[in-house]
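# Fold and contact review
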Amino acid sequence: MIKEFLTSLFESPKLKEAKSFGHLYESIALIAREERCSEAWMPHRNQCKKFILESLKLSLHFESVLILGSGPIHEIPIEELSKKFKKVVCVDIVHLKSTKKRVQHLKNIEFREHDLTESESELTKGILKTVVPTAFTNENWGLVLSVNIMSQLPRHLEEYIDKNFKGKFSEEQVNAYLEMITQNHLRYLETFHSPVALITDTEVHYLDSNNKMLENHLEFQHLKLPTPKTEWIWDLAPIPEFQKDIAIKMKVRAYHLNNRNSH
Ligand SMILES: C[S@@+](CC[C@H](N)C(=O)[O-])C[C@H]1O[C@@H](n2cnc3c(N)ncnc32)[C@H](O)[C@@H]1O
């Protein structure tokens, strides 16, 4: 906790939402969690990288690739993408200094900080309004990757509402709003004229110490996702990371979106 707090003092994120919505702190905490769970998370990281490398065959060209949800770049084969494409653009609401430093030897990587819901600034005014984002859609990407960000987008908004507007909205209003956030991410991905590879967790499994399922939460029942190309289990929180007698695993699915004009 103290280490995370101290690290946050040395970061100066470009977007004010990075701090006000807790993204900065969450990014620092994510790195600490990854260090604690590195062995359990390795198969998941490798599966993500493998799927991304397989998706290169869909690329329209190798001028540029867009990565949405680049974060600490742990699930992305960044060296290979840097070799393959002339330009690699990483987008996230916050990129830590340590992440940028780790890849500074790769000269064709660009970092862009952007709120990929394009809804956080409206929410600071107490308005539950969501849009289909438009950033980066005018550029001609060879390939677009959305890497484990879709389920994360509503989380910070939900926490922000809970902290700042408790009681202002009904539970139904908040749930409908949060569902629209992920719906709009999917619509956003569908507006690109390039092939899109989407990786996201889709189910959260709570298990007891005998690996018996206690609860299974399906995340995207409101969405029409295509048939996944592949899926795997992410050992997200082995005991005792979450609780001393409950583990969390997630079912991750990987998709190719057949966008118009992309083939
Ligand atoms: C699970 S992490 C992604 C990890 C990353 N794919 C990797 O390779 O290490 C989820 C990411 O979503 C980002 N994120 C959450 N809400 C966001 C938003 N509104 N706009 C942009 N990025 C956001 C977080 O900052 C975080 O880096």
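Residues numbered from 1 in each chain as written. Predicted model: local features only at pLDDT ≥ 70, side-chain atom pairs only at ≥ 80, totals over all residues. Heavy atoms only, no water.

### A short note on the environment of Ser55
Mapped onto the elements of the fold, Ser55 is located in helix α4 (residues 38-55). Residues Ser55 and Leu145 lie 90 residues apart in sequence; the distance between their C-alpha atoms is 9.1 Å. Non-local contacts of Ser55, meaning those with residues more than four positions away in its chain, are made with Leu143, Ala197 and His256. Of note is the side chain of Ser55, whose polar atom sits 2.8 Å from the side chain of His256. (Helix = DSSP H or I, 4+ residues; strand = E, 2+ residues; numbered from the N terminus. Contact = heavy atoms within 4.5 Å. Polar contact = N/O pair within 3.5 Å; in protein donor to acceptor, adjacent residues only side chain to side chain.)

### What to know about the packing of aromatic side chains
Using the criterion set out here, one finds 7 aromatic pairs in the structure. Between Phe62 and Phe85, the aromatic rings sit 5.1 Å apart at their centres with planes inclined by 50°, giving tilted as the arrangement. Within this pair, whereas Phe62 is found in the loop between α4 and β1 (64-68), its partner Phe85 is found in the loop between α5 (78-84) and β2 (87-92), the two being separated by 23 residues in sequence. Note on Phe62: relative accessible area 33%, which makes it partly exposed. You can call Phe85 buried: its relative accessible area is 2%. Judged by centre distance (6.1 Å) and plane angle (55°), the rings of Tyr206 and Phe242 are tilted. Residue Tyr206 is located in strand β5 (residues 196-207), and its partner Phe242 is located in the loop between β7 (230-237) and β8 (247-257); the two are separated by 36 residues in the primary sequence. Counting every residue linked through ring pairs, the aromatic cluster contains Phe21, Tyr160, Phe165 and Phe169. Across the ring face of Phe62, the terminal group of Lys84 is positioned such that the distance to the ring centre comes to 5.0 Å. (Phe/Tyr/Trp six-rings, centres within 6.5 Å; stacked < 30°, edge-to-face > 60°. Buried < 20%, exposed > 50% of the residue type's maximum accessible area, 1.4 Å probe, protein only. Lys NZ or Arg CZ within 6 Å of the ring centre and 35° of its normal.)

### Some thoughts on the site of the ligand
The ligand sits among 23 residues. The nearest are Gly69, His74, Glu75, Asp92 and Leu116. The side chain of Glu75 places a nitrogen or oxygen atom 2.8 Å from a nitrogen atom of the ligand. Protein chains shield 95% of the accessible area of the ligand, which is 600 Å² for the free molecule. Looking at the shell around the ligand, the element that brings in the most residues is helix α3 (residues 23-36), giving 3 residues. Of the residues that constitute the shell around the ligand, the class distribution is 9 nonpolar, 10 polar and 4 charged. (Near = heavy atom within 4 Å. Areas by Shrake-Rupley, 256 points an atom, 1.4 Å probe, with all protein chains shown as cover. Nonpolar A, V, L, I, M, F, W, Y, C, P; charged D, E, K, R; others polar.)

### Considering the side chain of His95
Positionally, His95 belongs in the loop between β2 and α6 (97-102). Side-chain polar atoms of His95 contact the side chain of Glu113, separated by 2.6 Å.

### Let's talk about α3
The first and last C-alpha atoms of α3 sit 20 Å apart over 14 residues, in line with the 20 Å expected at 1.5 Å per residue. Within α3, the full set of buried residues consists of His23, Leu24, Ser27, Ile28, Ala29, Ile31, Ala32 and Glu34. (Expected span 1.5 Å × (residues − 1).)

### Thoughts on unusual backbone geometry
The amide bond that connects Ile239 to the next residue, Pro240, takes the cis arrangement and shows omega of 10°. Position of Pro240 relative to the elements: it lies in the loop between β7 and β8. With a phi angle near 55°, Ile73 is a residue other than glycine that sits in the positive phi range. Inspection of the secondary structure assignment puts Ile73 in the loop between β1 and α5. Of note, Asn211 is a non-glycine position whose phi angle comes to about 70°, a positive value. Topologically, Asn211 is positioned in the loop between β5 and β6 (213-218).

### Quick look at the state of the cysteines
Disulfides are covalent bonds that connect the sulfur atoms of two cysteines. Evaluation of the coordinates by the stated rule reveals 0 disulfides. In this model Cys37 remains outside any disulfide bridge; the closest cysteine sulfur is found in Cys48, 15 Å from its own. Judged by relative accessible area, which is 4%, Cys37 ranks as buried. Its sulfur unpaired, Cys48 is 15 Å from the next cysteine sulfur, which belongs to Cys90. (Disulfide = S-S within 2.5 Å.)

### Comments concerning the pattern of salt bridges
Side chains that carry opposite charge are capable of pairing whenever their charged atoms lie near each other. Enumeration over the complete set of coordinates arrives at 15 salt bridges. A salt bridge links Arg45 to Glu34; the shortest N-O distance between them is 3.7 Å. Of this pair, Arg45 sits in helix α4 while Glu34 sits in helix α3, and the two are 11 residues apart along the sequence. Accessibility assignment for this pair places Arg45 and Glu34 in one class, buried. Across the salt bridge formed by Glu63 and Lys86, the nearest N and O atoms sit 3.4 Å from each other. Separated by 23 residues along the polypeptide, Glu63 in the loop between α4 and β1 and Lys86 in the loop between α5 and β2 bring together distant segments of the chain. Here Glu63 falls in the partly exposed class, since its relative accessible area comes to 42%. (Salt bridge = Lys/Arg side-chain N within 4 Å of Asp/Glu carboxyl O.)

So, to be careful, I would describe these as geometric facts and stop short of saying anything about function.
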